[in-house]
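Descriptive structure summary
Residues per chain, in single letters:
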Amino acid sequence: MNKISVLFVCLGNICRSPAAEAIFISLLKKKKLTDGFIVDSAGTGSWHIGKKADSRMRIAAERRDINILSRARQINSKDFDAFNYILAMDDSNFRDIKNLKTTTSSSDFALIKKIQNFRSVFNEKEVPDPYFGGDEGFDYVLDILEDSVSGFLESIS
Ligand code: 4NP
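This structure is a prediction, so every number in the text was calculated from the model and none was measured. (Residues numbered from 1 in each chain as written. Predicted model: local features only at pLDDT ≥ 70, side-chain atom pairs only at ≥ 80, totals over all residues. Heavy atoms only, no water.)

1. A short note on the packing of aromatic side chains
Evaluated as defined, the whole model comprises seven aromatic pairs. The interplanar angle of 80 degrees and the centroid separation of 4.8 Å between the aromatic rings of Tyr131 and Phe132 together place this pair among those described as edge-to-face. (Phe/Tyr/Trp six-rings, centres within 6.5 Å; stacked < 30°, edge-to-face > 60°.)

Here you go:
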């Protein structure tokens, strides 16, 4: 059977999208669905390429038994042909992804959506950027993502 591939995308690929990726991987493990999926994350920006996720996000996630293991990379034109779903964290990421596709790829393979389209408990239409804020912002991002990432999985199962 073909695997379903999912790419989570934010700006820096060190806070929100690595958290979304790790939450999704953890959910797939719990539901014994790991073998059916390829999961990755990327940033629209290039500043943090090769770096681990922000330690504040890794620590907040570890408290929920979620391990963030990814290294930052930048989204590129090949991703539009490689992933079934590209899921943006906010409106600005969504616009940047669409612009990159327009200028670099003719592939209509990937479905590009905002992760918050799949929310049910939280009303936030975007995942807020926690980078310049306090520690509580990281927990809030995890709360929001646990809701919308599980909503996404339900929507495709
Ligand atoms: P992320 O957060 O997009 O959730 O990874 C950010 C990380 C770094 C920066 C901005 C947002 N930055 O400006 O370096």
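2. What to know about helix α1 (residues 16-30)
Quick reminder: α-helices carry 3.6 residues per turn. Residues three or four places apart thus point the same way. With 15 residues, α1 extends 21 Å between its outermost C-alpha atoms, agreeing within 8% with the 21 Å of an ideal straight helix rising 1.5 Å per residue. For α1, the buried fraction is high: 12 of the 15 residues fall into the buried class. On its buried face, α1 sits against β1 (4-10), β2 (37-43), α2 (55-62), α4 (91-104) and α5 (136-156). Positive phi appears at Lys32, one or two residues downstream of α1, with a value of about 55 degrees. (Helix = DSSP H or I, 4+ residues; strand = E, 2+ residues; numbered from the N terminus. Expected span 1.5 Å × (residues − 1). Buried < 20%, exposed > 50% of the residue type's maximum accessible area, 1.4 Å probe, protein only. Contact = heavy atoms within 4.5 Å.)

3. Quick word on the pattern of salt bridges
Counted according to the given criterion, the structure contains 11 salt bridges. Across the pair Arg16 and Asp90 runs a salt bridge whose closest N-O atoms are separated by 2.9 Å. Taken together, the positions of Arg16 in helix α1 and Asp90 in the loop between β3 (85-88) and α4 put the pair 74 residues apart, joining distant regions of the chain. The same class applies to Arg16 and to Asp90, which are both buried. A salt bridge links Lys101 to Asp108; the nearest nitrogen and oxygen atoms lie 3.2 Å apart. Judged by relative accessible area, Lys101 falls into the buried class, the value being 17%. (Salt bridge = Lys/Arg side-chain N within 4 Å of Asp/Glu carboxyl O.)

4. Brief notes about unusual backbone geometry
If you check the backbone angles, Lys32 has positive phi at about 55 degrees while not being a glycine. Residue placement: Lys32 occurs in the loop between α1 and β2. The exposure class of Lys32 is exposed, given its relative accessible area of 76%. In this structure, Asp65 takes a positive phi of about 60 degrees despite not being glycine. Looking at where Asp65 falls in the secondary structure, it is placed in the loop between α2 and α3 (79-82).

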